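Survey of secondary and tertiary structure
For reference, the chains in residue letters:
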Amino acid sequence: MPKFLKKYGIWMIDIFFIMITWSDHIWGIIESPRGSGYLLLVLTTMVVVTSVFFERRTFCKTLCFLGGLAGNYSRSGMIELRGTPEVCKTCKTQSCFKGDGKTEGCPMFEFVRTMDNSADCNLCGNCVKTCPNNSIRITPRTPTAELWGIKKPKVEHAFLAAVIMGIVFVQNITMLEIWQDILNIISKVTQTTSYNVNFTVAFVISMIIPIAMLWIAAKITGRNETFEKVKENFVRFGYAVIPLDLAGHLAHNLFHVFTEGKAIWFNTANLFGYKLTGDLGLTSVGTVQLLQYAVILLGLFGSAYTVYRIGNRASWRKLLPYYSLMVILAVINIYLFSLPMTHRV
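The paragraphs below set out a description of the structure included in this document. (Residues numbered from 1 in each chain as written. Predicted model: local features only at pLDDT ≥ 70, side-chain atom pairs only at ≥ 80, totals over all residues. Heavy atoms only, no water.)

1. Overview of the overall build of the protein chain
Going by this rule: Numbering of helices and strands runs from the N terminus, with a helix taken as a DSSP run of H or I at least four residues long and a strand as a DSSP run of E at least two residues long. We take the radius of gyration over the C-alpha atoms and set the globule estimate at 2.2 Å times the residue count to the 0.38 power. Only protein chains enter the accessibility calculation, which uses a 1.4 Å probe; a residue is then buried when its area is under 20% of its type maximum, exposed when over 50%, and partly exposed in between. In this description, contact between two residues means that some pair of their heavy atoms is separated by no more than 4.5 Å. All accessibility values rest on the Shrake-Rupley procedure with a 1.4 Å probe; residue burial counts only the protein chains present in the view. Note that His is not counted, nor are the chain ends; the positive residues are Lys and Arg, and the negative ones are Asp and Glu. To locate a charge, the coordinates of NZ of Lys, CZ of Arg, CG of Asp or CD of Glu are taken.
Looking only at helices and strands, one finds 16 helices and two strands in the protein chain. The C-alpha radius of gyration of the protein chain comes to 22 Å, within 12% of the 20 Å expected for a compact globule of 345 residues. In terms of overall dimensions, the protein chain has C-alpha extents of about 65 × 65 × 40 Å along its principal axes. Buried positions account for 44% of the 345 residues belonging to the protein chain. When contacts within the protein chain are restricted to residue pairs at least 6 apart in sequence, long-range pairs at least 24 apart make up 77% of them. Surface summary for the protein chain: the accessible area is close to 18,600 Å², and the carbon and sulfur share equals 65%. Of note, the protein chain has its 33 positive side-chain charges centred 8 Å away from the centre of its 21 negative side-chain charges.

The structure is reproduced here in structure tokens:
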């Protein structure tokens, strides 16, 4: 893996995730078979090129926006793969990383002995197969537990967590009846009716808001401390946004699954000449909204508890800015899901 990607890979993932989400709304990649084809062609080309010049899954680890998104969410997961420290420290083969001649080593460049997070592990099981000491275990854990003990928190991870929240906001807003009113307000400022320009403005603002809110919470919490300390708080507590990110993303897609689900077999039947029409929903919008509210509340609980644990169980007064931030983000999500949404299919 080149040093540049090893150092800046997460930033590259952040950039690609933002660009692809933006381009979907600008060029309609999801609605356009040609656009989807171009996207898949670009991704496939990147995979092939990186596989030719670099080892293992360099693309997946440092460039794939889906891998980065899934990796970020997996930090909240209930399953972990870890080695047994007492056994691993005496191991001489390191076959979990190098392979054993029959099975490849870790395709994601992970060294099980030092793993402290699940973001880059895709549970392929290679390390389990190659370990000669039966040291590696796949076990359940308390959801969000990984977020409490990140040894080396990184600003790019906190940035991605905040950006995802903003992108979920804009994905919801563009499906609301008030979206056109928002575009009209922005057009008065930009002095143009160009959808591309006005959407880009809304897109940037939506991403900036959660980042700014997280920074303000870090600033209030450390108002008598140095800039370095504020930045450290921003990074550490940025991980607490991840459970709400996951909840918001799940809740958003619940709408697509349950109100547009029949489109899957309607379109499949159309491929074979059978014309099917009718309501696309699998259940009522009201039922979907209740599910969305429940998921958001579950995410709020996960984020609030993560704040509590990252803050070393400090008093609620000391951590109040972060608790308030999580509540505000949850309320915004619930409010957006309470409004009538339009379909994308």
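2. Brief notes about the environment of Met46
Relative to the helices and strands, Met46 is located in helix 2 (residues 33–53). Linking Met46 and Cys131, residues 85 residues apart in sequence, is a C-alpha distance of 32 Å. When sequence neighbours within four positions are dropped, the list of residues in contact with Met46 reads Phe16, Phe59 and Leu63.

3. Focus on the packing of helix 9 (residues 155–173) against helix 16 (residues 320–338)
Rules: The convention used is that axes are lines fitted to C-alpha atoms, helices contributing only their stretch in contact, and that angles between N-to-C directions extend from 0 to 180 degrees. Working definition: roughly parallel below 35 degrees, roughly antiparallel above 145 degrees, roughly perpendicular at 65 to 115 degrees, and oblique for all remaining angles. Handedness of a helix crossing follows the sense of rotation of the near helix relative to the far helix, less than a right angle counterclockwise being left-handed and clockwise being right-handed. Throughout this entry, Asp, Glu, Lys and Arg are counted as charged residues, while Ala, Val, Leu, Ile, Met, Phe, Trp, Tyr, Cys and Pro are counted as nonpolar. The remaining residues, Gly among them, count as polar.
At a minimum axis distance of 10 Å, the contact between helix 9 and helix 16 shows a crossing angle of 15 degrees. What the angle tells us is that helix 9 and helix 16 run roughly parallel. For helix 9 against helix 16, the interelement crossing comes out left-handed. Contact residues: Met165, Val168, Phe169, Asn172 and Ile173 in helix 9; Leu329, Ile332, Asn333, Leu336 and Phe337 in helix 16. Across the contact of helix 9 with helix 16, the residue classes tally to eight nonpolar, two polar and no charged.

4. Quick look at the nonpolar core
To be explicit about the condition: Joining through side-chain atoms within 4.5 Å is the link that ties buried Ala, Val, Leu, Ile, Met, Phe, Trp, Tyr and Cys residues into a set, and such a set is a nonpolar core.
Leu244, Val307, Tyr322, Met326 and Leu329 are the most contacted members of the largest nonpolar core, which totals 66 residues. Discounting residues that sit within four places of it in the chain, Leu244 has contacts with Met165, Ile296, Gly299, Leu300, Ser303, Met326, Leu329 and Ala330. Within the second largest apolar cluster, seven residues are counted, among which are Leu81, Cys96, Cys131 and Ile136.

5. A few points about the pattern of salt bridges
We count it as follows: By definition here, a salt bridge exists when the distance from a side-chain nitrogen of Lys or Arg to a carboxyl oxygen of Asp or Glu is within 4 Å.
Within the structure shown, the criterion is met by nine salt bridges. Between Arg75 and Glu146 there is a salt bridge, and its shortest N-O distance comes to 3.8 Å. In this pair, Arg75 sits in the loop between helix 4 (65–74) and strand 1 (79–82) while Glu146 sits in helix 8 (residues 145–148), placing the two residues 71 residues apart along the sequence. Each member of the pair, Arg75 as well as Glu146, is classed as buried. Across the pair Glu80 and Arg141 runs a salt bridge whose closest N-O atoms are separated by 3.4 Å. In this pair, Glu80 sits in strand 1 while Arg141 sits in the loop between strand 2 (137–140) and helix 8, placing the two residues 61 residues apart along the sequence. Neither residue differs from the other here; Glu80 and Arg141 are each classed as buried. Here the salt bridges do not stand alone but share partners, grouping Arg75, Glu80, Arg82, Arg137, Arg141 and Glu146 into one network.

6. Things to note about the packing of aromatic side chains
Here is the rule: Stacked, edge-to-face and tilted labels apply to pairs of Phe, Tyr and Trp rings (six-membered ring for Trp) whose centres lie within 6.5 Å, assigned for plane angles under 30 degrees, over 60, and everything in between, in that order.
Counted under the stated rule, the structure contains 13 aromatic pairs. Ring centres 6.3 Å apart and planes at 85 degrees place the aromatic pair Phe97 and Phe111 in the edge-to-face group. Here Phe111 lies in the loop between helix 6 (95–98) and helix 7 (126–130) and Phe97 lies in helix 6, a separation of 14 residues in the sequence. Owing to a relative accessible area of 24%, Phe97 belongs among the partly exposed residues under this scheme. With a relative accessible area of 24%, Phe111 lands in the partly exposed category. Geometrically, the ring pair formed by Phe237 and Tyr322 is stacked, given 4.0 Å between the ring centres and 15 degrees between the ring planes. Here the residue Phe237 occupies a position in helix 12 (residues 227–238), and Tyr322 occupies one in helix 16, the gap between them amounting to 85 residues. Tyr322 carries the same exposure label as Phe237, and that label is buried. Aromatic ring contacts, followed pair by pair, group Trp148, Phe301, Tyr305 and Tyr308 into a single cluster.

So far we have only geometry, and geometry alone does not tell us how the molecule works.
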